[in-house]
Amino acid sequence: MQIYFSPEVITPEFQVLNVVNSANKAVGNVALLFDEKKLYVYGILEEEGVREDFKDLVKPYLKGLAKAKEGVEIYSCLYVGCKKVELKDEEEE
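A short tour of the structure in this document, coming up. (Residues numbered from 1 in each chain as written. Predicted model: local features only at pLDDT ≥ 70, side-chain atom pairs only at ≥ 80, totals over all residues. Heavy atoms only, no water.)

Concerning unusual backbone geometry
Quick note on the threshold: Elements are defined by DSSP. Helices are runs of H or I of four residues or more, strands are runs of E of two residues or more, and each kind is numbered from the N terminus. Whether a residue is buried, partly exposed or exposed follows from its accessible area with a 1.4 Å probe, protein chains only, as a fraction of its type maximum: under 20%, in between, or over 50%, in that order.
Even without being a glycine, Asn-24 presents a positive backbone phi close to 65°. Tracing the backbone shows Asn-24 in the loop between strand 2 (14–21) and strand 3 (26–34). A relative accessible area of 60% means that Asn-24 is categorised as exposed.

Below is the structure:
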């Protein structure tokens, strides 16, 4: 199943993004909070079958946001179903 971000609210301090499938049905959400040198990310999806798609969607998005502020630390708490999703690649860079 293909999933996409659908922005709900975007400000300089935070973003709330709905995660929708190809039928435009909400299957989860992601919230991002920006601090001086920190980026906090919280997201949850209901369906476990989209775990890898979710990682493939979130990783480049966070990588792009990290480029906006040099040296930003990313703290993430992401879940698909009831299982945590690790994004160590972005957190280590």
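That was the structure; now back to the text.
Here's the deal with the sheet that holds strand 3
Our working definition: When DSSP locates at least two bridges between a pair of strands, those strands are taken to pair. Lines fitted to the C-alpha atoms define the axes, with helices restricted to the stretch that makes contact. Angles between their N-to-C directions range from 0 to 180 degrees.
In space, the 6 strands of this open sheet follow the order 1-2-3-4-5-6, with mixed pairing throughout. The open sheet is flanked by strand 1 (3–10) and strand 6 (83–85), the only strands paired with a single partner. For this sheet the average axis-to-axis angle between neighbouring strands, irrespective of direction, equals 20°. Pairing geometry for strand 4 (residues 38–45) and strand 5 (residues 73–80), over 8 bridges, is parallel. Across the sheet, the residue bridging to Val-41 is Ser-76, located in strand 5.

Topic: the environment of Gly-81
What counts, and what does not: Whether two residues are in contact is decided by their heavy atoms, any of which lying within 4.5 Å being enough.
In this structure, Gly-81 sits in the loop between strand 5 and strand 6. Taking the C-alpha atoms as reference, Gly-81 lies 17 Å from Ala-31; in sequence the two are 50 residues apart. The residues contacting Gly-81, other than those within four sequence positions of it, are Leu-45, Glu-46 and Glu-48.

Digging into the pairing of strand 5
Applicable threshold: Seen with its strands pointing away from the viewer, a crossover is right-handed when the path leading from the first strand over the helix to the second is clockwise.
Here strand 5 shows a clear split, with Ile-74, Ser-76, Leu-78 and Val-80 buried on one side and none of Glu-73, Tyr-75, Cys-77 and Tyr-79 buried on the other. A crossover links strand 4 with its parallel partner strand 5, the connecting element being helix 1 (residues 51–68), and its sense is right-handed. Between strand 5 and strand 6, which pair antiparallel one after the other, the connecting turn spans 2 residues, and Gly-81 there sits at a positive phi close to 65°.

Here's the deal with helix 1
Worth spelling out the cut-off: Multiplying 1.5 Å by the residue count of a helix minus one yields the expected span of that helix.
A rise of 1.5 Å per residue sets the reference length of helix 1, with its 18 residues, at 26 Å; its end C-alpha atoms lie 26 Å apart and thus fit the reference within 8%. Buried within helix 1 are the following residues: Phe-54, Lys-55, Leu-57, Val-58, Lys-59, Leu-62 and Leu-65.

Some words on the pattern of salt bridges
For clarity, the threshold we go by: For this analysis, a salt bridge means a side-chain nitrogen from Lys or Arg found within 4 Å of a carboxyl oxygen belonging to Asp or Glu.
Evaluated as defined, the whole model comprises 1 salt bridge. Salt-bridge contacts for Glu-48 lead to Lys-83; the nearest nitrogen and oxygen are separated by 3.5 Å. Placement of Glu-48 in the loop between strand 4 and helix 1 and of Lys-83 in strand 6 is noted, with a sequence separation of 35 residues between them. A relative accessible area of 43% places Glu-48 in the partly exposed class.

Considerations on the side chain of Asn-21
Position of Asn-21 among the secondary structure elements: in strand 2. Residue class for Asn-21 comes out buried when judged on its relative accessible area of 12%. Excluding residues within four positions of it along the chain, Asn-21 makes contact with Met-1, Gln-2, Ile-3, Tyr-4 and Val-27.

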